[in-house]
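# Reading the structure
Given next are the chains, with one letter for each unit.
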Amino acid sequence: MAFNKVCLVGGNGNLGTILLNGLVAAGDFTVTVAKRASSKSTPGAGSSVEQITIPDDMNLAGLTDALRGQDVVIASFPLVDVNQHLRLVEAAALAGVKRFIPADFGSCDAASPNARRLLKLYRDKDLVRHKCEEIAAANPAFSWTALVCGHFFDFGFHDGLLHFDLENKTADILDDGSVRASASTLRRVAEGTVAALRRPEPTRNRTLYIQSFCRSQPEVLAALERVTGVTWTRRTIDSKAFLEEASRKLAAKYDKHTMEEIVFVLGALEADWTKEEGFAMELLGLEDEDLDQVVAEVVAGLGK
Ligand SMILES: NC(=O)c1ccc[n+]([C@@H]2O[C@H](COP(=O)([O-])OP(=O)(O)OC[C@H]3O[C@@H](n4cnc5c(N)ncnc54)[C@H](OP(=O)(O)O)[C@@H]3O)[C@@H](O)[C@H]2O)c1
């Protein structure tokens, strides 16, 4: 079995843009982007990418109709409303889609009890994963693959998630900085996705863990100092106190920034995929990227 028709939902997004490029460049898929009816986005404009429209409210019947004929559906849009994601899985199965890739792509793993305890985001991702499992168990024609990649390394610099401030040359290091964490460039996530789709059987109904590299925060800081030629200011953060404070703030009032502060810690302290049974670098034919080279690209602004 080989997958041909691949439909990407969220092809205009931070990750979706890079996924779309990767899928098209792979050359072995017919790629379609599904965008919401009222969306002004123009993903894949001027290329061979087909566009289909899905209803704004992502109702089940409309999604099912739109997805007929697709082999693969990839969800790459935010978990603003988990019900949209749950309906998308259901609609994919009803439409005869063979492989579903949920909007996992996590900084940390939704299987982590700590991540689920701290953030609705991971409880939601876990719900979607369970929905995939449930549907695949009842319908063997349907299958899924979830990709967990750690922090988006290049994107995380530019949006502040990683707490390495390129402009002011400051770095926030958690505790003694001894913990290593996997992280992935956006292009690595695209490579991992393409590689998984090219290997339908060994990637069937599994969560796979990928990375560009697995390094401690001080190791990344040292690379930044080598590349920029400047000694950075290093600040130490007590992760326990930081998490407690952020959790207290979030419980009082939801805000995206505070949520992402918790993601920052989880992705730095609970994301060593090299220890996971589903660590899939070899399976997917991927090798670690060179840290200094990636850091140089980020510093030059190429990682944007
Ligand atoms: N590991 C990490 O560090 C990290 C960081 C960020 C995100 N992620 C994950 O990566 C995946 C993609 O996230 P992203 O940040 O790339 O997404 P994003 O940029 O926010 O995606 C936005 C696109 O999704 C589509 N969309 C569909 N339903 C939507 C809705 N209800 N609200 C907003 N947009 C909607 C829109 O396309 P149309 O307008 O064309 O319909 C929009 O252009 C998610 O699974 C997310 O959790 C991981």
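Residues numbered from 1 in each chain as written. Predicted model: local features only at pLDDT ≥ 70, side-chain atom pairs only at ≥ 80, totals over all residues. Heavy atoms only, no water.

The name an unreviewed UniProt entry assigns to the protein is NmrA-like domain-containing protein, from the organism Cylindrodendrum hubeiense.

## Some words on the site of the ligand
If you check the shell around the ligand, you find 25 residues, and the closest are Asn14, Ser39, Ser41, Lys125 and Phe152. Contacts to the ligand include Ser107, whose side-chain N or O atom sits 3.1 Å from an oxygen atom. Here Lys125 contributes a side-chain N or O atom positioned 2.8 Å from an oxygen atom of the ligand. When the free accessible area of the ligand is taken as 910 Å², the share hidden by the protein chains comes to 83%. More than half of the atoms belonging to the ligand lie within 2 Å of the grid points that define the largest pocket. Listing elements by their share of the shell around the ligand, those giving two or more residues are α1 (14-26), β2 (30-36) and β7 (151-152). Residue composition of the shell around the ligand, by class: 9 nonpolar, 12 polar and 4 charged. (Near = heavy atom within 4 Å. Polar contact = N/O pair within 3.5 Å; in protein donor to acceptor, adjacent residues only side chain to side chain. Areas by Shrake-Rupley, 256 points an atom, 1.4 Å probe, with all protein chains shown as cover. 1 Å grid on protein atoms, 1.4 Å probe; cavity = no way out; pocket = protein on both sides within 12 Å on 5 of 7 lines; lining within 4 Å. Sits in = over half its atoms within 2 Å of the grid points. Helix = DSSP H or I, 4+ residues; strand = E, 2+ residues; numbered from the N terminus. Nonpolar A, V, L, I, M, F, W, Y, C, P; charged D, E, K, R; others polar.)

## As for the environment of Gly69
Tracing the sequence through the fold places Gly69 in the loop between α2 (60-67) and β4 (72-75). Classification of Gly69 by relative accessible area gives partly exposed; the value is 49%. Separated by 28 residues in the primary sequence, Gly69 and Val97 have C-alpha atoms spaced 7.3 Å apart. If we ignore the near neighbours within four places in the chain, the residues touching Gly69 are Lys5 and Ala95. (Buried < 20%, exposed > 50% of the residue type's maximum accessible area, 1.4 Å probe, protein only. Contact = heavy atoms within 4.5 Å.)

## Describing the UniProt feature "domain: NmrA-like" (unreviewed entry) in the protein
The sites that carry the UniProt feature "domain: NmrA-like" (unreviewed entry) are, in the present numbering, residues 5-266. Annotated as 44% helix and 22% strand, the span residues 5-266 places its first and last C-alpha atoms 35 Å apart. (UniProt positions renumbered as here; feature names shortened; annotations may be inferred.)

## With respect to the environment of Gly160
Among the structural elements, Gly160 can be located in the loop between α6 (153-158) and β8 (164-165). Along the backbone, Gly160 and Glu260 are 100 residues apart, and their C-alpha atoms lie at a distance of 9.4 Å.

## Side note on empty space enclosed by the protein
The final tally for this structure, using the stated rule, is 2 cavities of 30 Å³ or more. When its volume is computed, the largest cavity comes out at roughly 170 Å³. His151, Leu162, Arg215, Gln217 and Val220 are the residues nearest the centre of the largest cavity, which is lined by 15 residues in total. When contributions to the lining of the largest cavity are tallied by element, the ones reaching two or more residues are β10 (180-184), β12 (213-216), α8 (217-228) and α10 (256-269). For the lining of the largest cavity, the residue count by class is 9 nonpolar, 5 polar and 1 charged. If you add up the space inside the second largest cavity, you get close to 40 Å³. For the second largest cavity, the full set of lining residues is Leu79, His85, Pro102, Ala103, Asp104, Lys125, Val128 and Arg129. (Points joined across faces, edges and corners; volume = space filled by probe spheres on them.)

## Quick word on the packing of α1 against helix α7 (residues 186-197)
At a minimum axis distance of 9 Å, the contact between α1 and α7 shows a crossing angle of 50°. The angle between α1 and α7 places the two elements in the oblique class. Like other packed secondary-structure pairs, α1 and α7 cross with a definite hand, here right-handed. For the pair formed by α1 and α7, the contact residues are Asn14, Leu15, Ile18, Leu19, Gly22, Leu23 and Ala26 on the first element and Leu186, Arg187, Val189, Ala190, Thr193, Val194 and Leu197 on the second. Considered class by class, the residues forming the contact of α1 with α7 number 10 nonpolar, 3 polar and 1 charged. (Axes fitted to C-alpha atoms, helices over the stretch in contact; angles between N-to-C directions. Parallel < 35°, antiparallel > 145°, perpendicular 65-115°, else oblique. Left-handed = near helix turned anticlockwise from the far one by under 90°.)

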